[in-house]
Amino acid sequence: MKLDTSIISDISIYPVGLLADLAQFVHNPNRAEARRKLRYALSHPLRNARARNWRAVRSYFNGYLAEHPTAGSRAGHGWTRGRAYRDLARHLHSDPRDGA
């Protein structure tokens, strides 16, 4: 099923975790600052892996996150924007709170 166009216009899709850190690295004109920020950002998943906090490590590799303001804590994620959108659509379509 297709989502209503009013729902689609409210969806925000943005990079998180590794993709957000790589985008910051690529688009920052100050190379020294970009390297420092990327090194600092990569220290968090390494620290979580050493602590065996695998859920935090896995969430660092989400890629893109798609959210809708009325979906609550439900969000779609995937390595591409389209996959994140489809995952969110699956959550919205099977949401037991919508009464369908």
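About the cut-offs
Residues numbered from 1 in each chain as written. Predicted model: local features only at pLDDT ≥ 70, side-chain atom pairs only at ≥ 80, totals over all residues. Heavy atoms only, no water. pLDDT = per-residue confidence, 0-100. Helix = DSSP H or I, 4+ residues; strand = E, 2+ residues; numbered from the N terminus. Contact = heavy atoms within 4.5 Å. Core = buried A, V, L, I, M, F, W, Y, C linked by side-chain atoms within 4.5 Å. Buried < 20%, exposed > 50% of the residue type's maximum accessible area, 1.4 Å probe, protein only.

This brings us to the confidence of the model for the protein chain. Mean pLDDT over the protein chain stands at 84; residues scoring 70 or higher make up 82%. Within the protein chain, the element-level pLDDT minimum falls on helix α1 (residues 5-10), averaging 64, and the maximum on helix α3 (residues 31-50), averaging 94.

This paragraph deals with the side chain of asparagine 62. Mapped onto the secondary structure, asparagine 62 falls in the loop between α4 (54-60) and β2 (63-67). Dropping the residues within four chain positions of it, asparagine 62 is found in contact with Val16, His77, Gly78 and Trp79.

Turning next to the nonpolar core. Buried together is how nonpolar side chains tend to be arranged in soluble globular proteins. Ile11, Leu19, Tyr64, Ala66, Ala84, Leu88 and Leu92 form the largest nonpolar core, which has seven residues in total. Elements with a contribution of two residues or more to this core: β2 and α5 (81-93). Considering each element in turn, this core owes the most residues, three residues, to α5. Those residues within four positions of tyrosine 64 in sequence are excluded, and the remaining contacts are Ile13, Tyr14, Pro15, Val16, Leu19, Gly76, His77, Gly78, Trp79, Thr80, Arg81 and Ala84.

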